[in-house]
Amino acid sequence: MNFLPPAKSTRWLYWMAAYGFILWLLLIMHRIFLLDENFDTLIALRFAILAFAVSGILHLLGWLGARLIWWFTTLGIMVGLALLYSSAYKDMSGWEDLAGFLSFAMMLLGGFALGLVVEGVLLLVLHLRKN
């Protein structure tokens with residue numbers, strides 16, 4: 001975790017922008033190259049809103065010092081992207097895009113929830129050791 005910026009650092013803003021842009025590119029690449037869809041500006045805008053909203057929330061929490069939430073959510077996003085990309089190769093009679101996106105969303109939310117639990121347990125343990 002040494003490469004992450006410290007709490008209340010302005011570098012979290014740069015991380016947020018880069019993270020959101022990379023996530024947006026990965027979502028767009030899935031749609032264009034794997035699902036073989038044409039580029040649609042409206043859908044690209046929706047993916048950008050999703051990617052930067054997730055990145056904003058995640059990096060705001062990192063800025064506040066919740067680095068474990070950042071780690072577990074990033075892990076959930078990576079697993080979710082792997083499921084999203086692998087669903088394009090399964091024959092689901094046209095449901096590949098929805099099933100993949102729902103898998104991605106579930107992994108993202110699962111990683112976020114797990115990060116919240118781990119961060120809460122860590123704070124509780126540190127508080128009990130302090131007293």
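Here's what I pulled together on the structure shown here. Owing to the predicted nature of the structure, the values given are computational and were not obtained by experimental measurement.

Side note on helix H3 (residues 67–87)
Here H3 contains 21 residues, and its C-alpha end-to-end distance of 30 Å stays within 8% of the 30 Å for a straight helix at 1.5 Å per residue. Those residues of H3 that fall on the buried side of the exposure criterion are Leu68, Ile69, Trp70, Thr73, Thr74, Gly76, Ile77, Gly80, Leu81, Leu84 and Ser87. Structurally, H3 contributes buried residues whose contacts are with helix H1 (11–34), helix H2 (41–63) and helix H4 (96–130).

Structural notes on the pattern of salt bridges
Scanning all chains against the criterion turns up one salt bridge. For glutamate 37, the salt bridge goes to arginine 31, with nearest N and O atoms at 3.9 Å. Relative accessible area serves as the criterion here: at 36%, glutamate 37 is assigned to the partly exposed category.

A closer look at the packing of H1 against H3
At a closest axis distance of 11 Å, the pairing of H1 and H3 adopts a crossing angle of 10°. Between H1 and H3, the crossing angle belongs to the class labelled roughly parallel. Seen from above, H1 lies across H3 with left-handed handedness. For the pair H1 and H3, the contacting residues are Trp12, Trp15, Tyr19, Leu23, Leu26, Leu27, Met29, His30 and Leu34 in the first and Trp70, Thr74, Ile77, Leu81, Leu84 and Tyr85 in the second. Here the residues of the contact of H1 with H3 are counted per class, giving 13 nonpolar, two polar and no charged.

A word on unusual backbone geometry
Unlike most non-glycine residues, lysine 8 shows phi in positive territory, near 65°. By secondary structure assignment, the location of lysine 8 is in the segment before H1. Backbone geometry places aspartate 36, a non-glycine residue, at a positive phi of 55°. Summarising the element assignment, aspartate 36 is placed in the loop between H1 and H2.

Regarding the environment of threonine 41
Structurally, threonine 41 can be placed in helix H2. Owing to a relative accessible area of 56%, threonine 41 belongs among the exposed residues under this scheme. For the pair threonine 41 and isoleucine 28, spaced 13 residues apart in the sequence, the C-alpha separation amounts to 11 Å.

Digging into the nonpolar core
Counting 22 residues, the largest nonpolar core has Leu23, Trp24, Leu27, Ile77, Leu81 and Phe104 as its most contacted members. Secondary-structure elements contributing two or more residues to this core are H1, H2, H3 and H4. The biggest single contributor to this core is H2, with seven residues. Leave out the neighbours within four places in its chain, and leucine 27 touches Phe47, Leu50, Leu81, Leu84 and Phe104.

A look at the side chain of serine 87
Structurally, serine 87 can be placed in helix H3. A relative accessible area of 5% places serine 87 in the buried class. A polar contact is formed between the side chain of serine 87 and the backbone oxygen of leucine 84, at a distance of 2.8 Å. Excluding its chain neighbours within four sequence positions, the residues that come into contact with serine 87 are Met92, Glu96 and Gly100.

What counts, and at which threshold
- Residues numbered from 1 in each chain as written.
- Predicted model: local features only at pLDDT ≥ 70, side-chain atom pairs only at ≥ 80, totals over all residues.
- Heavy atoms only, no water.
- Helix = DSSP H or I, 4+ residues; strand = E, 2+ residues; numbered from the N terminus.
- Expected span 1.5 Å × (residues − 1).
- Buried < 20%, exposed > 50% of the residue type's maximum accessible area, 1.4 Å probe, protein only.
- Contact = heavy atoms within 4.5 Å.
- Salt bridge = Lys/Arg side-chain N within 4 Å of Asp/Glu carboxyl O.
- Axes fitted to C-alpha atoms, helices over the stretch in contact; angles between N-to-C directions.
- Parallel < 35°, antiparallel > 145°, perpendicular 65-115°, else oblique.
- Left-handed = near helix turned anticlockwise from the far one by under 90°.
- Nonpolar A, V, L, I, M, F, W, Y, C, P; charged D, E, K, R; others polar.
- Core = buried A, V, L, I, M, F, W, Y, C linked by side-chain atoms within 4.5 Å.
- Polar contact = N/O pair within 3.5 Å; in protein donor to acceptor, adjacent residues only side chain to side chain.

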